[in-house]
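Listed below are the residues making up each chain.
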Amino acid sequence: MTQQTIQTSQALFDQAQKTIPGGVNSPVRAFGSVGGTPRFFTKANGPYLWDADGNRYVDTICSWGPAIVGHAHPKVIEAVKQAAEGGLSFGAPTRGEVELAEWVRDHLPSMEMMRLTSSGTEATMSAIRLARGFTGRNKVIKFEGCYHGHVDSLLVKAGSGLLTFGNPTSAGVPPSFAAETIVLDYNDIAGVQACFAEHGQDIAAVIVEPVAGNMNLVRPAPGFLEALRSECTKAGAVLIFDEVMTGFRVGARGVQGLMNIQPDLTTLGKVIGGGMPMGAFGGRKDIMLKVAPVGPVYQAGTLSGNPVAVAAGLATLKIVSEPGFFETLTQMTADLMQGLVQKAKAAGVQAFSADSVGGMFGLYFSEQVPVSMGDVTNSNREQFNRFFHAMLNRGVYLAPSAYEAGFLSIQHQGEPIAQIFKAAEEAFEEIA
Ligand SMILES: *Cc1c(COP(=O)(O)O)cnc(C)c1O
């Protein structure tokens, strides 16, 4: 292995820190938890990224999910070019938005109606406001380790003691906002039931990542999502599946289709924009009809339903709904995980496990696959950091944190996967 040249990335990072906090426009990009120099990228194609020094990487982040058909897919690029030539934004309705909404409804039937936004954060923020407006209640339940964008009332961790209200995890969030949020442990069915028994009449909504992807990948335990469904129904609370990450990533019908549970509202982002900024929230018609201009819950966006983003999204969604797409992606991802576990064992790294759902995956430096945030925190994060750099130096770009999931595209099949295996074989040896 030859040492990579990263001078240009380092120079850009130094320069960036003078005008951009931390040199990045979203915190995890700064390599804060793994250390080292964040790579600045100039180009992406298919499963590969190229940095500013010309190094090529197999990309296992895929822009945190959106690049599921591979970067710069010719059909997506063509759709974007055509849309762009017709004007970048009108601030008025278009045919494409209707087509996209119908496509989404046909694949996620629980989304009878929807609104497009420009990010996942906007979608979750709006869904929470809507749930409150619909129920006339204020309290929201979220789960430790789930991330729903940087919405004030959701940047909250558990307070001390059982069933206490949350504490802000960010400066600038008033404790009074956090006090409206109840934080429970992921997969803790008894905790959910106890909470509803005590506060059921005050709970506007439960928001959950139905497969968690922001504390690394954590699956819902058997019965967990079902319990959320039944408690919400009994109490008249709104069940929100935050499928910003999982929507069109675990399958063409989301986690809700995969596990056959209908939420009242769903939030989408990432893949739905095909790499352009877009999100959506939607669900039951009686709830969605509370949104302005037909209802009293205000929600708006200057660039919502942007024609270029809609074109990129539609082109991407049409590819992922082709027959066999998710079967192939799911199998490829599962095979990669199985292979990595074998290579870790062969190298003598005993505490290593892996899991995947559709085209998203988790690598854990722990003997067993985690089921909660506590388990992920207890994994060997120092060993992960060494593995991360050993892979990066060998041209494989993993998510720069033990708390992040990984993502493949359909174009990883064959040579790119072989390259990941080869790098991993050496990297496991190096860190064992
Ligand atoms: C990424 C993400 C968000 C936030 O979306 P942005 O587009 O970054 O605002 C919300 N929820 C989940 C589950 C996510 O993974």
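Above: the structure in question.
Conventions and cut-offs
Residues numbered from 1 in each chain as written. Predicted model: local features only at pLDDT ≥ 70, side-chain atom pairs only at ≥ 80, totals over all residues. Heavy atoms only, no water. Near = heavy atom within 4 Å. Polar contact = N/O pair within 3.5 Å; in protein donor to acceptor, adjacent residues only side chain to side chain. Areas by Shrake-Rupley, 256 points an atom, 1.4 Å probe, with all protein chains shown as cover. Patch = residues over 30% accessible without salt bridge, like charges linked within 9 Å, V, L, I, M, F, W, Y side chains within 5 Å. Salt bridge = Lys/Arg side-chain N within 4 Å of Asp/Glu carboxyl O. Helix = DSSP H or I, 4+ residues; strand = E, 2+ residues; numbered from the N terminus. Expected span 1.5 Å × (residues − 1). Buried < 20%, exposed > 50% of the residue type's maximum accessible area, 1.4 Å probe, protein only. Contact = heavy atoms within 4.5 Å. Pairing = 2+ DSSP bridges. Axes fitted to C-alpha atoms, helices over the stretch in contact; angles between N-to-C directions. Phe/Tyr/Trp six-rings, centres within 6.5 Å; stacked < 30°, edge-to-face > 60°. Lys NZ or Arg CZ within 6 Å of the ring centre and 35° of its normal. Parallel < 35°, antiparallel > 145°, perpendicular 65-115°, else oblique. Left-handed = near helix turned anticlockwise from the far one by under 90°. Nonpolar A, V, L, I, M, F, W, Y, C, P; charged D, E, K, R; others polar. Core = buried A, V, L, I, M, F, W, Y, C linked by side-chain atoms within 4.5 Å.

A. Looking closely at the site of the ligand. Every residue close to the ligand is listed here: Ser-119, Gly-120, Thr-121, Tyr-147, His-148, Gly-149, Glu-209, Asn-214, Asp-242, Val-244, Met-245 and Lys-270. A distance of 2.7 Å separates a nitrogen atom of the ligand from a polar side-chain atom of Asp-242. A distance of 2.6 Å separates an oxygen atom of the ligand from a polar side-chain atom of Lys-270. If the ligand stood free it would expose 380 Å²; the protein chains cover 83% of that surface.

B. The arrangement of a nonpolar patch on the surface in detail. A contiguous nonpolar patch, built from Met-113, Leu-289 and Val-294 and spanning about 250 Å² of accessible area, is present on the exposed surface. Looking at the secondary structure, you find Met-113 in strand β4 (residues 113-117).

C. Geometry of helix α11 (residues 325-347). Compared with an ideal rise of 1.5 Å per residue, which puts 23 residues at 33 Å, α11 spans 33 Å between its outermost C-alpha atoms and is within 8% of the ideal. Looking at α11, one finds that the buried residues are Phe-325, Phe-326, Leu-329, Met-332, Thr-333, Leu-336, Met-337, Gly-339, Leu-340, Ala-344 and Ala-347. Each element contacted by the buried residues of α11 is listed here: α10 (307-320), β13 (353-357), β14 (360-364) and α14 (415-431). Of the residues one or two after α11, Gly-348 is the one with positive phi, at around 90 degrees.

D. Region of the structure containing the sheet that holds strand β8 (residues 181-184). The strand order across the open sheet built from seven strands is β4-β12-β11-β10-β9-β5-β8, with neighbouring strands paired in mixed fashion. Only two strands of the sheet have a single neighbouring strand rather than two, namely β4 and β8. Taking each pair of neighbouring strands and ignoring which way they run, the sheet shows an average axis angle of 20 degrees. Here strand β9 (residues 203-208) pairs with strand β10 (residues 238-242) via four bridges, running parallel. Paired with Ala-205 across the bridge in β10 is Val-238. This element, helix α3 (residues 95-107), spans β4 and β11 (265-268) of the sheet and lies at about 125 degrees to β4.

E. Here's a closer look at the packing of aromatic side chains. By the definition in use, this model includes 17 aromatic pairs. Taking the centre distance of 5.2 Å and the plane angle of 75 degrees together, the rings of Phe-325 and Phe-326 count as edge-to-face. Residue classification places Phe-325 among the buried residues on the basis of a relative accessible area of 6%. Exposure remark for Phe-326: the relative accessible area of 9% places this residue in the buried category. Following the ring pairs from residue to residue traces out a cluster consisting of Phe-31, Phe-352, Phe-365, Phe-384, Phe-387, Phe-388 and Phe-428. Lying over the aromatic face of Trp-50, Lys-43 brings its terminal NZ or CZ to 4.4 Å of the ring centre. Residue placement shows Arg-56 over the ring face of Tyr-48; its charged tip is 3.8 Å from the ring centre.

F. Quick peek at the sheet that holds strand β2 (residues 48-51). An order of β1-β2-β3-β15 is seen for the four strands of this open sheet, with the pairing classed as mixed. Edge positions in the sheet fall to β1 (41-45) and β15 (396-397), since each of these pairs with one other strand and no more. One ladder, built from three bridges, connects β2 with strand β3 (residues 56-59); its direction is antiparallel. Bridge pairing in β3 places Leu-49 opposite Tyr-57. Its contacts with the sheet place α14 against β2, β3 and β15, and it is angled at close to 100 degrees to β3.

G. Spatial organisation of the pattern of salt bridges. Going through the model one piece at a time under the given rule, you end up with 14 salt bridges. Close ionic contact of Glu-99 with Lys-318 constitutes a salt bridge, the shortest N to O distance being 3.1 Å. Taken together, the residues span a long stretch of sequence, with Glu-99 in helix α3 and Lys-318 in helix α10 at a distance of 219 residues. Note on Glu-99: relative accessible area 34%, which makes it partly exposed. Under the relative-accessibility criterion, Lys-318 is labelled partly exposed at 43%. Measuring nitrogen to oxygen at the nearest pair gives 2.9 Å for the salt bridge that ties Lys-139 to Glu-180. Taken together, the positions of Lys-139 in strand β5 (residues 139-143) and Glu-180 in the loop between α5 (175-178) and β8 put the pair 41 residues apart, joining distant regions of the chain. On the accessibility criterion, Glu-180 (24% relative accessible area) is partly exposed. Residues participating in the shared-partner salt-bridge network are Arg-229, Asp-264, Arg-284 and Asp-286.

H. Molecular detail of the packing of helix α2 (residues 74-85) against α10. Closest axis-to-axis distance for the α2/α10 pair is 8 Å, and the angle between their directions is 155 degrees. With respect to each other, α2 and α10 are oriented roughly antiparallel. In this structure, the crossing between α2 and α10 has a hand that is right-handed. For the pair formed by α2 and α10, the contact residues are Lys-75, Val-76, Ala-79, Val-80, Ala-83 and Ala-84 on the first element and Pro-307, Val-308, Ala-311, Ala-312, Ala-315, Thr-316 and Ile-319 on the second. Class assignment of the residues belonging to the contact of α2 with α10 gives a composition of 11 nonpolar, one polar and one charged.

I. Representation of the nonpolar core. Val-104, Phe-143, Phe-387 and Phe-428 are the most contacted members of the largest nonpolar core, which has 109 residues in total. The dominant element in this core, judged by the number of residues it contributes, is α10, at 10 residues. Apart from the residues lying within four places of it in its own chain, the contact partners of Phe-428 are Leu-340, Lys-343, Ala-344, Ala-347, Val-349, Phe-352, Phe-365 and Phe-387. Counting residues in hydrophobic clusters, the runner-up holds 18 residues, among them Val-140, Ile-207, Leu-265 and Ile-287.

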